[in-house]
Amino acid sequence: MDQNLVDLTEKLSLSSNKIVLTSSDGDSFEIHEAVARKSQTIAEMLDAGCTGTIPLHNVTGKILDRVIDYCITHVKEDGPFEEEEEAEEKEAKKKWDAEFVKVDLETIFELILAANYLNIKGLIGLTSQAVADHIKDKTPEDVREIFGIENDFTPEEEEAVRNEHAWAFEDSK
Amino acid sequence: MDFVKNLDADMSLAILSCLDDPSDLVRASAVSRSWRHFVIKYSLSKNLCLKLFHQLTSVDRIIEIINEAGGSSSSSLIMDDTTSTTTRLLLDREHRVYALLAKGCTSSPIKSCIADAITASTTDRLPEESIFNTLDARDRFGFTPSYWSSTGHHNTSVPETLLYKLKGDLCVINEVSIQPLQANFHPGAPIYSSRYVRFRFGHLVNNSREDTEDENKYVWTHTSQEFPMAQENRLQSFKLPEPVLCIGGYLLVEFLGRVQICDIDGLYYICVSHVKVMGRSLAKSFGVVDSDISGKFALKVLSYGDPQEVDEKEAELGIREIRLRILRQYVNFLHRYPPVEPL
């Protein structure tokens with residue numbers, strides 16, 4: 001991966017700047033500027049003149065590590081470094097993404113928050129879909145259990161909701 | 001984590017907007033009060049419909065007829081935007097209606113959607129070669145070939161059209177299949193296909209009637225790409241790249257470019273033995289009413305029953321249609337071969 005990044009940055013005659021990101025719990029990560037710019041938030045900071053170390057108070061080291069992995073894997077998409085990809089490469093990325101979100105829900109939510117704060121469009125999409133996959137095809141009871149939600153409907157209210165579109169509840173698993 | 005309660009609205013929106021099955025959205029609205037409030041407030045059902053079918057941007061209001069069947073009140077209450085007093089009521093109604101619409105558009109059974117043939121741009125010999133023959137899958141009736149024929153032209157670029165009424169005001173169309181005629185009764189058994197076909201979907205302009213001859217009374221809101229047609233005697237399937245929601249219930253099949261000359265008179269013809277349209281009819285659940293604003297419609301809910309269930313009444317109507325067609329064919333047959341007095 002590293003050689004690709006060097007090639008990329010050389011190609012676009014950007015200085016191969018390294019940016020240091022620090023997490024809320026004190027971890028630091030040195031990454032190429034190209035990778036850092038996957039985050040709109042960081043890109044704006046850099047354009048505004050920030051250099052060197054960028055502190056990210058809202059993101060823990062554990063999550064930042066994962067986010068950076070994502071950015072490195074997807075550095076070739078969208079934005080100034082966009083390149084035509086082979087179908088093989090696209091397939092490989094899809095598999096990588098699928099593995100990436102095979103984590104507990106709590107971690108996914110932390111990733112969503114980080115992706116939102118750092119404004120990384122692809123990651124927001126990927127993590128949102130991962131949460132939605134936990135809702136898809138599930139009954140309301142299942143969803144409440146998975147997300148720890150309290151059912152605050154009265155029995156009459158709940159019945160009215162179910163009757164409004166009875167077809168959605170007939171064959172629920 | 002109950003993200004609807006704990007995350008910002010835009011993040012919850014990003015998550016719930018990933019649900020593209022209307023049943024999932026409805027079930028989400030049954031999870032808790034705040035989930036239901038969220039689904040309704042952010043018009044998720046409506047957004048799903050618009051995402052699936054951008055043709056729905058021409059719907060500007062909803063009409064529900066609420067019949068309290070079996071309840072103490074036996075009167076009908078017509079609810080539309082003019083009677084709604086709060087935004088919340090409007091959003092509730094939109095959620096109710098668009099969830100049903102999304103369900104109908106994605107899971108009503110796929111069936112033949114032609115209700116009737118209306119008219120052809122030209123017909124060589126009426127009634128033997130009328131457009132009604134294209135409704136029948138068989139390419140002959142007894143020994144008589146069953147097909148529509150255009151009039152002949154020297155100019156191969158003169159197009160032809162066939163106009164059909166679809167089942168109901170709202171149909172989601174997936175594909176149109178056409179079988180050109182191979183005229184075995186002509187020397188060389190020529191196939192009178194066209195070079196391309198194209199499909200237009202639309203509605204009748206306000207207050208027009210089908211039987212008047214005015215050509216400008218139809219508005220075509222969606223036009224497909226041009227599909228190349230093979231000069232082959234088989235039912236050729238033209239699959240639309242995305243299903244099209246036809247608002248108004250009219251389909252115009254356009255035949256562009258003539259390819260086959262008739263050796264007998266030296267003119268180019270287009271002849272078709274069968275036209276089939278496959279899709280989902282929402283006739284059971286929805287009607288469409290012209291709005292006061294030109295180009296806009298009101299969506300009228302006819303029934304909240306499960307769109308996936310087959311209607312017995314529909315099946316009955318289908319049989320009646322087939323009987324009518326067979327009757328028509330008998331009449332045509334008699335036209336061609338009037339009874340002769342025995343010597």
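Everything that follows concerns the structure shown earlier in this document.
Because the structure is predicted, anything quoted here is derived from the model rather than measured. (Residues numbered from 1 in each chain as written. Chains lettered and ligands numbered in written order. Predicted model: local features only at pLDDT ≥ 70, side-chain atom pairs only at ≥ 80, totals over all residues. Heavy atoms only, no water.)

What follows covers the overall build of chain A. For chain A, the helix and strand inventory stands at 10 helices and 3 strands. Of the regular secondary structure in chain A, the N- to C-terminal order runs α-β-β-α-α-β-α-α-α-α-α-α-α. Counting only carbon and sulfur atoms, one obtains 48% of the accessible surface of chain A, whose full area is about 9400 Å². (Helix = DSSP H or I, 4+ residues; strand = E, 2+ residues; numbered from the N terminus. Areas by Shrake-Rupley, 256 points an atom, 1.4 Å probe, with all protein chains shown as cover.)

What follows covers unusual backbone geometry. All names here are of chain B. A cis amide bond links leucine 126 to the next residue, proline 127, at an omega of 0°. On the secondary structure map, proline 127 appears in the loop between strand 4 (114–120) and strand 5 (140–141). Phi at serine 43 takes a positive value of approximately 50°, unusual for a residue other than glycine. Inspection of the secondary structure assignment puts serine 43 in the loop between helix 4 (33–41) and helix 5 (44–52). One non-glycine residue, alanine 189, adopts positive backbone phi at about 45°. Structurally, alanine 189 is set in the loop between strand 9 (170–180) and strand 10 (194–204).

Taken together, the contacts link 33 residues of chain A with 33 residues of chain B. Each partner contributes to the roughly 3000 Å² buried at the junction of chain A and chain B, and carbon and sulfur atoms together form 65% of this total. Counting across the interface, chain A meets chain B through 4 salt bridges. A salt bridge links Arg36(B) to Glu164(A), with the shortest nitrogen-to-oxygen separation between them at 3.5 Å. (Contact = heavy atoms within 4.5 Å. Buried area = accessible area lost by both parts, 1.4 Å probe. Salt bridge = Lys/Arg side-chain N within 4 Å of Asp/Glu carboxyl O.)

Here we come to the packing of aromatic side chains. Scanning the entire structure with this criterion turns up 16 aromatic pairs over all chains. When the ring of Phe38(B) is compared with that of Tyr42(B), the centres are 4.5 Å apart and the planes differ by 40°; the resulting orientation is tilted. Phe38(B) sits in the buried class, given a relative accessible area of 6%. Judged by its relative accessible area of 26%, Tyr42(B) falls in the partly exposed class. Consider the rings of Phe199(B) and Phe238(B), whose centres lie 6.1 Å apart with planes at 55°: the pair is tilted. Of the two residues, Phe199(B) is situated in strand 10 and Phe238(B) in strand 13 (residues 236–247); the sequence distance between them amounts to 39 residues. In this pair, the class of Phe199(B) matches that of Phe238(B), namely buried. Three or more aromatic residues link up through ring pairs in this structure, and these residues are Phe109(A), Phe147(A), Phe3(B) and Trp35(B). (Phe/Tyr/Trp six-rings, centres within 6.5 Å; stacked < 30°, edge-to-face > 60°. Buried < 20%, exposed > 50% of the residue type's maximum accessible area, 1.4 Å probe, protein only.)

Residues and elements named next belong to chain A. Spatially, 2-1-3 is the arrangement adopted by the 3 strands of the open sheet, whose pairing is mixed. Looking at strand neighbours, the two that pair on one side only are strand 2 (28–32) and strand 3 (53–55), the edges of this open sheet. Averaged over all pairs of adjacent strands, the angle between strand axes in this sheet comes to 25°, irrespective of strand direction. With 3 bridges joining them, strand 1 (residues 18–22) and strand 3 adopt parallel strand pairing. Considered in strand 3, the bridge of threonine 22 is made with proline 55. Helix 4 (residues 61–73) rests against strand 1 and strand 2 of the sheet, and its axis sits at about 15° to strand 2. (Pairing = 2+ DSSP bridges. Axes fitted to C-alpha atoms, helices over the stretch in contact; angles between N-to-C directions.)

A separate point is a nonpolar patch on the surface. On the surface, Ile322(B), Ile326(B) and Tyr330(B) cluster together to form a nonpolar patch covering roughly 280 Å² of accessible area. Summarising the element assignment, Ile322(B) is placed in helix 7 (residues 312–336). (Patch = residues over 30% accessible without salt bridge, like charges linked within 9 Å, V, L, I, M, F, W, Y side chains within 5 Å.)

One pass over the structure, following the stated rule, counts 21 salt bridges over all chains. Here Arg37(A) makes a salt bridge to Glu33(A), at a shortest N to O gap of 2.9 Å. Residue class for Glu33(A) comes out buried when judged on its relative accessible area of 10%. Its salt-bridge partner being Arg27(B), residue Asp24(B) comes within 3.0 Å of it at the nearest N-O pair. Here Asp24(B) and its partner Arg27(B) are both found in helix 3 (residues 22–28), 3 residues apart, which amounts to about one turn of the helix. Here Asp24(B) and Arg27(B) have matching classes, each one buried. Salt bridges linked by common partners bring Glu164(A), Arg36(B), Glu64(B), Arg93(B) and Arg96(B) together as one network.

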